[in-house]
Amino acid sequence: TKEKKRHMGDTKHFCPVSLKENFVLHPGLNEHAAKYQEKIYYFSTSEYKDKFLMNPEEYVSHNEPIQAPPLRVCLLGTHGAGKTTCARQIADKLGIFHIQFEEYLQELILPKTKEKIGPDYDEEPEEDYSKMPILSQALDDFSQTMTNTQTEKSKQEVELTDEEEAIKANLMDNEALPPEVLDNIVLDWWRKEPFRSTGFILDGFPRSLHEAQYLSERGLCPDVAVYIQVEEGDILDRLFLPRLKKWKERQYKRTEKKKKLKDLKAKIRV
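Residues numbered from 1 in each chain as written. Predicted model: local features only at pLDDT ≥ 70, side-chain atom pairs only at ≥ 80, totals over all residues. Heavy atoms only, no water.

Per an unreviewed UniProt entry, the protein chain goes by the name KAD9 kinase and belongs to Dromas ardeola.

Written out as structure tokens, the structure reads:
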């Protein structure tokens, strides 16, 4: 005997309330199903089911089919896998936004930090010249004046808010971003224009189980998540030369600073 075909609602197995209110295709669950006008609707939560049953006409199609949201993609992969290169090409081809998550975090605090921060941008520690023999009191006074000026300037520039401190800790030490900070960043991409009606490819997010759980708890469902898997040797080949170049540049800067200090000492002796 053939099983009787089920007639699903306008949004098929997706929750019509999530689609209407959040413009998100959130899969419905069998335990949260309801029948209306001989069609079966599935809901993501029991609350949304109750909301639908109180006023079903608000969530069903009338003269025109219900509009589906634009494409939302999460592109994942280890550092150096080529996510950003692929994301730019996909975004350009599909006409959607490209959002590089860690770059976006950098831009949020860049006006105060004045430079990008994190393991990829850290300079090597400066040599502590204060431990070297001081040849003249004039050099000591000069160095102290410069240090005080720089310290005062640094304090004025880097007074971060709690949210900015959380972002800095994430970039520097990979500490998890609190949900309230993620709310101020991530929700807009799903719920506000121009992202809401255009769609996007989110490059490098979620990066952890904590962030994936955050998306699930907020009902922010990507249409597809793509993981780029690359051999470790290929990543080393890709990243080694650029990092070697940065190391050489830092070594050159250190050499130049030592030379300037040596010249300054020579002038003081005279």
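Colleague: Before we move on, could you go through helix α6 (residues 162-173) and cite the residues and values that matter?
Modeller: Its twelve residues place the ends of α6 16 Å apart at the C-alpha level, agreeing with the 16 Å of an ideal helix rising 1.5 Å per residue. Where α6 is concerned, the buried positions are Glu164, Ala166, Ile167, Ala169, Asn170 and Leu171. Buried residues along α6 sit against α4 (101-113) and α7 (179-191). Phi turns positive, to about 60 degrees, at Asn174, one or two residues after α6. (Helix = DSSP H or I, 4+ residues; strand = E, 2+ residues; numbered from the N terminus. Expected span 1.5 Å × (residues − 1). Buried < 20%, exposed > 50% of the residue type's maximum accessible area, 1.4 Å probe, protein only. Contact = heavy atoms within 4.5 Å.)

Colleague: Explain a negative patch on the surface residue by residue, including any values.
Modeller: A surface patch of like charges, here negative, comprises Glu231, Glu232, Asp234 and Asp237. Relative to the helices and strands, Asp237 is located in helix α10 (residues 232-269). Take Asp237: its relative accessible area is 60%, and that puts it in the exposed class. (Patch = residues over 30% accessible without salt bridge, like charges linked within 9 Å, V, L, I, M, F, W, Y side chains within 5 Å. Areas by Shrake-Rupley, 256 points an atom, 1.4 Å probe, with all protein chains shown as cover. Salt bridge = Lys/Arg side-chain N within 4 Å of Asp/Glu carboxyl O. Lys, Arg positive; Asp, Glu negative; His and termini not counted. Charge placed at Lys NZ, Arg CZ, Asp CG, Glu CD.)

Colleague: Any chance you could break down the nonpolar core for me, citing the residues and the numbers?
Modeller: Ranked by size, the top nonpolar core spans 26 residues in total, and within it Phe101, Val186, Trp189, Trp190 and Leu202 carry the most contacts. Those elements that provide at least two residues to this core are α4, α6, α7, β5 (200-203) and α9 (209-218). Ranked by residue count, the leading element in this core is α7, at seven residues. Beyond its immediate sequence surroundings of up to four residues, Trp189 is in contact with Ile99, Phe101, Tyr104, Phe195, Arg196, Phe200 and Leu202. With ten residues, the next largest nonpolar core counts Val17, Tyr36, Phe43 and Val60 among its residues. (Core = buried A, V, L, I, M, F, W, Y, C linked by side-chain atoms within 4.5 Å.)

Colleague: Summarise the side chain of Thr11; cite the residues concerned and give the values.
Modeller: Note that Thr11 resides in the segment before α1 (16-22). A residue is classified by how much of its surface remains accessible, and Thr11, at 7% relative accessible area, is buried. At 2.8 Å, the side chain of Thr11 and the backbone oxygen of Phe14 are in polar contact. (Polar contact = N/O pair within 3.5 Å; in protein donor to acceptor, adjacent residues only side chain to side chain.)

Colleague: How would you explain the sheet that holds β5 if you had to name every residue and give the values?
Modeller: Read from one edge to the other, the open sheet built from four strands follows the order β4-β5-β3-β6, with strand pairing classed as parallel. Two strands close off the open sheet at either side, each with one partner strand: β4 (97-100) and β6 (224-228). Geometrically, the sheet is characterised by an average inter-axis angle of 20 degrees between neighbouring strands, direction not taken into account. In the packing of α7 onto the sheet, the strands contacted are β3 (72-77), β4 and β5, and the crossing angle to β5 comes to about 155 degrees. (Pairing = 2+ DSSP bridges. Axes fitted to C-alpha atoms, helices over the stretch in contact; angles between N-to-C directions.)

Colleague: Explain the confidence of the model for the protein chain to me, using residue names and the numbers behind them.
Modeller: Here the protein chain averages 85 in pLDDT, while 83% of its residues score no lower than 70. Contacts from residues 124-136, a stretch scored under 50 in pLDDT, to residues over four places away or in other chains number 17 contacts. (pLDDT = per-residue confidence, 0-100.)

Colleague: Kindly report on the pattern of salt bridges, identifying the contributing residues and their values.
Modeller: This structure, assessed with the given rule, holds ten salt bridges. In this structure, Asp183 engages Arg218 in a salt bridge whose closest nitrogen and oxygen atoms are separated by 2.9 Å. With Asp183 in helix α7 and Arg218 in helix α9, this residue pair connects regions lying 35 residues apart in the sequence. Judged by relative accessible area, which is 28%, Arg218 ranks as partly exposed. Here Arg207 ties to Glu211 by a salt bridge, and the two come within 2.5 Å at their closest N and O atoms. On the accessibility criterion, Arg207 (27% relative accessible area) is partly exposed. Several salt bridges converge on common partners, so that one network encompasses Glu102, Arg207 and Glu211.

Colleague: If you had to explain the packing of aromatic side chains to someone new, which residues and values would you point to?
Modeller: Taken as a whole and judged by the stated rule, the model has nine aromatic pairs. Centre to centre, the rings of Phe97 and Phe195 are 4.8 Å apart; their planes meet at 55 degrees, and the pair counts as tilted. Separated by 98 residues along the polypeptide, Phe97 in strand β4 and Phe195 in helix α8 (residues 195-198) bring together distant segments of the chain. Relative to Phe205, the ring of Phe101 has its centre 4.5 Å away and its plane inclined at 40 degrees; by these criteria the two rings are tilted. Placement of the pair is Phe101 in helix α4 and Phe205 in the loop between β5 and α9, with a sequence separation of 104 residues. (Phe/Tyr/Trp six-rings, centres within 6.5 Å; stacked < 30°, edge-to-face > 60°.)

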